[in-house]
Amino acid sequence: YCESGWYNTSSKEGKLIKNAWISRDSDYISGDTLYYNPLITEYIGMGNVYYMDSTQNLAFKSDYAYSSDSLNYSLLTGHAVASKIMDNDTLHIHADTLFNFKNDTLEYLLGYHEAQIYSSDFQGQADSLTFLRSTGKIELYHTPIVWSKMAELKGDFIDIEIIDDTVVNYINIYDNSSILMEVE
């Protein structure tokens, strides 16, 4: 659906403009403008981009999104947020720029510049982060801080493992480590 746009019947290329959205199977995408070229499997969203994959329980929001199925790569920038909907919570990852990569066995998300991560159990921030979705491992780089259960954790590098989509299994702090806790 859109209020304006065009479609090339030869190349199957199209551009949906103004209140554009596409829904198919378990995927839904919307934005101010959506461009797609199925021959090179390239998709671009501009302005208020939202994508939901209900099979993997993933949602993405940004001002600009680029995706290439042939390169197994996606980029989100401008108020970029990725959300992993879990059994009893939702894990949100925010950064200036988010990259999503896939290969045969791994799928991971990279967040660069002013990365933040938050759920009801913990919050964190760092200059950059990686999230390996297949293992639930999150790595925070460059001045990371994590807040969890009345504690503040700092170090040069922090990694977190989430198991069963709900439980923080561990948080490791490496080099120049400190933990501040409120004691009653």
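Everything below is about the structure shown above.
An account of the accompanying structure is given in this report. It should be emphasised that the depicted structure is a prediction, and the values quoted were computed from it without experimental measurement.

Observations concerning the overall build of the chain
For the chain, the helix and strand inventory stands at 0 helices and 15 strands. Projected onto the principal axes, the alpha-carbon positions of the chain cover approximately 65 × 30 × 30 Å. Going through the 184 residues of the chain one by one, you find that 42% of them count as buried. Residue pairs at least 24 apart in sequence account for 28% of intrachain contacts in the chain once pairs closer than 6 positions are excluded. Total accessible area computed for the chain in this model is approximately 10300 Å², and 51% of it derives from carbon and sulfur atoms.

Examining the environment of A151
Within the element layout of this structure, A151 appears in strand 12 (residues 151-154). A151 has contacts with V146, L180 and M181, leaving out every residue within four places of it along the chain.

Focus on the packing of aromatic side chains
All told, the structure shown has 12 aromatic pairs when counted by the stated rule. Ring geometry for Y141 versus F157: centroids 5.2 Å apart, planes at 45°, classification tilted. Residue Y141 is located in strand 10 (residues 137-141), and its partner F157 is located in strand 13 (residues 157-163); the two are separated by 16 residues in the primary sequence. A relative accessible area of 26% places Y141 in the partly exposed class. Here a set of aromatic residues connected by ring pairs shows up, and it is made of Y66, Y73, F99, F101, Y108 and Y112.

Observations concerning the pairing of strand 7 (residues 90-102)
In this sheet, strand 7 lies alongside strand 6 (residues 73-85) in antiparallel orientation, the contact comprising 11 bridges. Bridge pairing in strand 7 places S83 opposite H92. As judged from the 9 bridges shared by strand 7 and strand 8 (residues 107-118), these two strands associate in the antiparallel manner. Note on strand 8: the bridge partner recorded for F99 is L110.

Overview of the nonpolar core
Formed by 26 residues in total, the largest nonpolar core has its most connected members in L91, L98, I117, F122, I138, L140 and I160. Setting aside residues no more than four positions away along its own chain, L140 makes contact with I117, A126, S128, L129, V146, F157, I158 and I160. With 6 residues, the next largest nonpolar core counts Y35, L75, F99 and L110 among its residues.

The rules behind these values
Residues numbered from 1 in each chain as written. Predicted model: local features only at pLDDT ≥ 70, side-chain atom pairs only at ≥ 80, totals over all residues. Heavy atoms only, no water. Helix = DSSP H or I, 4+ residues; strand = E, 2+ residues; numbered from the N terminus. Buried < 20%, exposed > 50% of the residue type's maximum accessible area, 1.4 Å probe, protein only. Contact = heavy atoms within 4.5 Å. Areas by Shrake-Rupley, 256 points an atom, 1.4 Å probe, with all protein chains shown as cover. Phe/Tyr/Trp six-rings, centres within 6.5 Å; stacked < 30°, edge-to-face > 60°. Pairing = 2+ DSSP bridges. Core = buried A, V, L, I, M, F, W, Y, C linked by side-chain atoms within 4.5 Å.

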